[in-house]
Amino acid sequence: MSEILKSRTLQMVVLVLSFLFVFVPYFIDVKVLTDFSTQLITIAAIISAFTLVLAVYSQFRRGYTFVHRRSRGWIFKAYMMTSIVLMLIFAVYSQTSGPYNWVMYAIITPLSSVNYSILVFYMASTGARAFRARNGRALLLLITGFIVLFYQAPFTGAFFPQLTPYSLYITSTLVSAAGRMFLISVTVGAIVFGMRVLMGKETSILGAAKEEK
Amino acid sequence: MVNPLFQVPGIVSGRALGLIFDVVLMLLVVYYMGGGKNIKIRRVPGLDAIEEAVGRAAEMGKPVVASFGIAGSGFDYWTMAGLAILAHVAKLSAKTGTRLIVPTGGSDQSLIVRPVAEEIVRNAYLIEGRPEAFSDNDLPFLSGQQYAYTGGYIGILQRMRPASVIMTGSHASEAMNIAETSNMIGAITITAGSYVSNTASLACASDYILIGEEAPAAGAYLSQDPTQRASIRAQDIYKAISIIMIIGGLIILAAGSDVVIRLLVS
């Protein structure tokens, strides 16, 4: 049975059928198909939730093996496992008050915010490296960057209002046009990638390399 | 609200043109893939650099760090594209005897993607005849929280000092922290800009960047398989059609007609 379930052909059949059951009702107005598609999406969401439980269990098992063998850094795995168990218990008790809520809002959220705010230093250091007029294109980037920066920053924006139309033109016309081209190319790339998956040409994402076939 | 130019009975309102375009693209892909033609495509510096990056790591005796993103939406196409690139990197690493470290995590959904990534890397080592070199400890799950994952990833980079960092897939704002750290430690940094908003910053922080559809096309490009490369040709044709429509639409709109807008909402 497990061999059948692991069969690459069966996986491809499920992939193609799932695609058709969602793709066709999106365009063709047939109520039965639309209802079925909605139900399929709900089923997929439920299966996905179960997969998450399995994935957490798998992590827990890996962690246990790690701790059991006393591999390097096992103490961190033990900490992770203890945290998972405690948070599960706390979440069952209450998610809107009590220890779960406190851990989420007094520890995880502030720590994540601090980490996120550090991003600004990374941006500044990247900007400092990029903002060197080594050639014509770099000079263009530098000028454009400063126009947008001066407009966006409140202090300089108030002192140099004459930069506003240039900055608005750059952001709403040039950046917007480039962004849309990016989106078009990415979407086309995604569709073609999907086609390759459906045609069985991209088996690596199923956990197998092409040579395995 | 602009009136659609045409409507097809039985087709959901406003989706007829989308259906036609999708079918055309699919037919193009099937046609080019089925033809078995040997299609030459332009070199993509970012993808060519992957081999250079792994080779450099092998020469220096240092590890390669590769990631497929935080998979915030599970198996979205960016993650799948990242996994396709990871498969290639894993094969190269196995072939050259280079240690490959794949930090995973960053979202709850990444817990689901991780086992697939592990299978991909394990298979790559198996195919290259070096299954003993594979260790699942080299695919650490750092955290389900985005910035805890980022802290862990940066910690790995600081401690391991890899020769190369290949960061593809669905990385979000944490991509900048990782790319910049990678740059600071002197590693070759190859990234894929999966969001318009961070592409420019990543381009500055990386040695090579895959822009737009280059990442989803990577699997086809790297495989050297004619049928796979044909898909890129189909993509290019479709993009040419899009460009023609944009320019044509601009001219027609400037001439005072809204026919293209009506066509697009059909």
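All values derive from a computational prediction rather than experimental measurement. (Residues numbered from 1 in each chain as written. Chains lettered and ligands numbered in written order. Predicted model: local features only at pLDDT ≥ 70, side-chain atom pairs only at ≥ 80, totals over all residues.)

Enquirer: Would you explain the overall build of chain A in this entry?
Expert: A count of helices and strands for chain A gives eight helices and zero strands. Secondary structure elements of chain A occur, N-terminal to C-terminal, as α-α-α-α-α-α-α-α. Against the 2.2 N^0.38 benchmark of 17 Å for 213 residues, chain A shows a C-alpha radius of gyration of 26 Å, more extended than a compact globule. Counting every position in chain A, which comprises 213 residues, the buried fraction comes to 12%. Counting contacts in chain A only where the partners sit at least 6 residues apart, residues at least 24 apart contribute 19% of the total. (Helix = DSSP H or I, 4+ residues; strand = E, 2+ residues; numbered from the N terminus. Rg over C-alpha atoms; globule rule 2.2 N^0.38 Å. Buried ≥ 20, exposed ≤ 12 C-beta atoms within 10 Å, placed from the backbone. Contact = placed C-beta atoms within 7 Å.)

Enquirer: Just checking my understanding: could you explain the overall build of chain B for this structure?
Expert: Helix and strand counts for chain B come out as 10 helices and seven strands. Along the longest, intermediate and shortest principal axes, the C-alpha atoms of chain B span 65 × 40 × 35 Å. Put simply, of all contacts in chain B between residues at least 6 apart along the chain, 72% involve residues at least 24 apart.

Enquirer: Can you help me understand the domain arrangement of chain B in this one?
Expert: Many authors give the size of an interface as the accessible area that is lost as the parts come together. What the domain assignment reports for chain B is domain 1 (1–28 + 229–266) and domain 2 (45–216). Domain 1 of chain B and domain 2 of chain B are separated by 36 Å when their C-alpha centres are compared. (Domains from an automatic or database assignment.)

Enquirer: What is the right way to read the environment of A:Ser83 from this model?
Expert: Here A:Ser83 lies in helix α4 (residues 74–93). Separated by 17 residues in the primary sequence, A:Ser83 and A:Phe66 have C-alpha atoms spaced 16 Å apart.

Enquirer: Just to check I follow, could you spell out the sheet that holds strand β2 (residues 100–101) of chain B for this structure?
Expert: Whenever strands of a sheet pair, they do so through backbone hydrogen bonds, lying parallel or antiparallel. Residues and elements named next belong to chain B. Pairing is parallel in the open sheet, where five strands are placed in the order β2-β1-β5-β6-β7. The open sheet is flanked by β2 and β7 (208–211), the only strands paired with a single partner. The sheet contact formed by strand β5 (residues 164–170) and strand β6 (residues 188–193) spans four bridges and is parallel. When the sheet's bridge partners are listed, methionine 167 is paired in β6 with threonine 191. The sheet strands contacting helix α7 (residues 196–205) are β6 and β7, and the helix crosses β6 at an angle near 170°. (Pairing = 2+ DSSP bridges. Axes fitted to C-alpha atoms, helices over the stretch in contact; angles between N-to-C directions.)

Enquirer: Teacher, can you tell me more about the interface of chain A and chain B here?
Expert: Chain A puts 46 residues into the contact, and the matching count from chain B is 56 residues. Those elements that place two or more of their residues in the side of chain A that touches chain B are α3 (31–68), α5 (98–130) and α8 (164–198) of chain A. Tallied by class, the residues present in the side of chain A that touches chain B amount to 25 nonpolar, 14 polar and seven charged. (Nonpolar A, V, L, I, M, F, W, Y, C, P; charged D, E, K, R; others polar.)

Enquirer: Got a minute to help me understand the environment of B:Gly34 in this structure?
Expert: With respect to the helices and strands, the residue B:Gly34 is situated in helix α1 (residues 16–35). For the pair B:Gly34 and B:Pro226, spaced 192 residues apart in sequence, the C-alpha to C-alpha distance is 9.8 Å.

Enquirer: Quick question: what am I supposed to make of the packing of α8(A) against helix α3 (residues 77–96) of chain B here?
Expert: If you want to describe how two helices pack, look at the angle between their axes and the distance between the axes. Two elements in contact, α8(A) and α3(B), have axes separated by 10 Å at closest approach and are oriented at 60°. Our pair here, α8(A) against α3(B), has a crossing hand that is left-handed. On the side of α8(A), the interface is formed by A:Ala190, A:Phe193 and A:Gly194, while α3(B) contributes B:Tyr77, B:Met80 and B:Ala81. Its residues assigned to classes, the contact of α8(A) with α3(B) comprises five nonpolar, one polar and no charged. (Left-handed = near helix turned anticlockwise from the far one by under 90°.)

Enquirer: Is there a simple way to explain the packing of helix α2 (residues 8–27) of chain A against α3(A) in this structure?
Expert: All names here are of chain A. One way to put it is that α2 packs onto α3 with a least axis distance of 9 Å and a crossing angle of 135°. The orientation of α2 relative to α3 falls into the category oblique. The element α2 and its partner α3 pack so that their crossing is left-handed. Residues Phe21, Val22, Val24 and Pro25 of α2 form the contact with α3, whose participating residues are Leu33, Thr34, Phe36, Ser37, Leu40 and Ile41. Its residues assigned to classes, the contact of α2 with α3 comprises eight nonpolar, two polar and no charged. (Parallel < 35°, antiparallel > 145°, perpendicular 65-115°, else oblique.)

Enquirer: Can you walk me through the nonpolar core in this structure?
Expert: Burial of nonpolar side chains together is a common tendency in soluble globular proteins. Residue and element names in this part refer to chain B. With 83 residues, the main nonpolar core has Val64, Leu86, Val89, Ala90, Ala117, Val121 and Ala218 as its most contacted residues. In terms of residue count, α3 provides more of this core than any other element does, 13 residues in total. Structurally, this core is a two-domain feature, drawing no fewer than three residues from each of domain 1 (1–28 + 229–266) and domain 2 (45–216). Discounting chain neighbours no more than four positions away, the residues touching valine 89 are Ile50, Val54, Val64, Ala66, Leu100 and Ile166. (Core = buried A, V, L, I, M, F, W, Y, C linked by C-beta atoms within 7 Å.)

Enquirer: Honestly, the pairing of β5(B) in this entry has me stumped. Any pointers?
Expert: Each regular strand carries side chains that alternate between the two faces of the sheet. Residues and elements named next belong to chain B. By the criterion of burial, β5 is predominantly enclosed, with seven of the seven residues buried. Here strand β1 (residues 64–69) runs beside β5; their pairing, made up of five bridges, is parallel. Considered in β5, the bridge of glycine 69 is made with serine 170. Each parallel crossover has a hand, and the one from β5 via helix α6 (residues 174–184) to β6 is right-handed. (Right-handed = clockwise from strand over helix to strand, strands pointing away.)

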